[in-house]
Amino acid sequence: MKYITIFCGSATGNDPVYAEQAALLGEALVKRGYGIVYGAGKVGLMGTVADSVLRAGGEVVGIIPEFLKIKELLHTGITKTYVVKSMEERKTLMNELCNAVITLPGGFGTMDEYFELLTLGQLSRHRKPVALLNT
């Protein structure tokens, strides 16, 4: 199975279009034969994209640090969950499991994940496409 890592917020943002586009993205990825790797939350855009992939019959792999299991409200209905020790481990495993990255709206954590993968690509630590979905 090929996976796309999705970086996005644990909130839905201030415009319903963000959640609408997250759901459409999830459906589109499944139609093209992809599952997703994401932060394992059941709320906000994370929950929206995960639920849309599951409804479409796709696979959802969540990766969450132990300390965020409660704060981000762990999604217990996904295909597979990895619980790691740190944010650094989370980002490393997300990168290892995916074929590409798409970033949706989010906060500082989302941007940190996005810029780290951009930087690693620039340093030739991976050759995966890294995209920012401009909703």
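What counts and what doesn't
- One numbering rule holds for all chains: residues counted from 1, following each sequence as written.
- At least 70 in pLDDT is required for a residue's local features to be given in this predicted model, at least 80 for side-chain atom pairs to be given and counted, and no such filter applies to totals for whole chains, interfaces and linings, which use all residues.
- Remark: hydrogens and water are excluded; side-chain values derive from all non-hydrogen atoms of the structure.
- The term salt bridge refers to a pairing of a side-chain nitrogen on Lys or Arg with a carboxyl oxygen on Asp or Glu at a separation within 4 Å.
- Think of it this way: any DSSP run of H or I at least four residues long counts as a helix, any run of E at least two long counts as a strand, and we number them from the N terminus.
- Burial status follows relative accessibility: with a 1.4 Å probe on protein chains alone, a residue under 20% of its type maximum counts as buried, one over 50% as exposed, and anything between as partly exposed.
- Any two strands between which DSSP finds at least two bridges are classified as paired.
- Between N-to-C directions, angles cover 0 to 180 degrees, with each direction set by a line fitted to C-alpha atoms, over the stretch in contact for helices.
- Any two residues having at least one pair of non-hydrogen atoms within 4.5 Å are treated as being in contact.
- Handedness of each helix crossing follows the sense of rotation of the near helix against the far helix: counterclockwise by less than a right angle gives left-handed, clockwise gives right-handed.
- Gly falls in the polar group here, along with every residue not listed as nonpolar (Ala, Val, Leu, Ile, Met, Phe, Trp, Tyr, Cys, Pro) or charged (Asp, Glu, Lys, Arg).

### With respect to the pattern of salt bridges
Thinking step 1. One pass over the full model with this rule turns up three salt bridges.
Thinking step 2. When the shortest N-O distance is used, the salt bridge between Lys 91 and Asp 112 registers 2.7 Å. Taken together, the residues span a long stretch of sequence, with Lys 91 in helix H3 (residues 87-97) and Asp 112 in helix H4 (residues 108-122) at a distance of 21 residues.
Thinking step 3. Judged by its relative accessible area of 37%, Asp 112 falls in the partly exposed class.
Thinking step 4. In this structure, Glu 116 and Lys 91 form a salt bridge, with 2.7 Å as the shortest nitrogen-oxygen distance. You can see Glu 116 sitting in helix H4 and its partner Lys 91 sitting in helix H3, a full 25 residues away along the chain.
Thinking step 5. Here Glu 116 falls in the partly exposed class, since its relative accessible area comes to 27%.

### Quick notes on the sheet that holds strand S3 (residues 60-65)
Thinking step 1. Taken together, six strands build an open sheet; the order of strands is S4-S3-S2-S1-S5-S6 and the sheet is parallel. Edge positions in the sheet fall to strand S4 (80-84) and strand S6 (130-132), since each of these pairs with one other strand and no more. With strand direction ignored, the average angle separating the axes of adjacent strands in the sheet is 20 degrees.
Thinking step 2. Here strand S1 (residues 2-7) runs beside strand S2 (residues 34-38); their pairing, made up of four bridges, is parallel. Within S2, the residue paired with Tyr 3 across the bridge is Gly 35.
Thinking step 3. The sheet contacts of H3 involve S1, S2, S3 and S4, and relative to S3 the element is tilted by about 160 degrees.

### Describing the packing of helix H1 (residues 16-31) against helix H2 (residues 44-55)
Thinking step 1. Taken N-terminus to C-terminus, the directions of H1 and H2 make an angle of 35 degrees; their axes are 8 Å apart at the nearest point. In this structure, H1 crosses over H2, and the sense of that crossing is right-handed. Across the interface between the two elements, Tyr 18, Ala 19, Ala 22, Ala 23, Gly 26, Glu 27 and Val 30 of H1 pack against Leu 45, Thr 48, Val 49, Ser 52 and Val 53 of H2.
Thinking step 2. Class assignment of the residues belonging to the contact of H1 with H2 gives a composition of eight nonpolar, three polar and one charged.

Coordinates in, geometry out; function isn't part of it.
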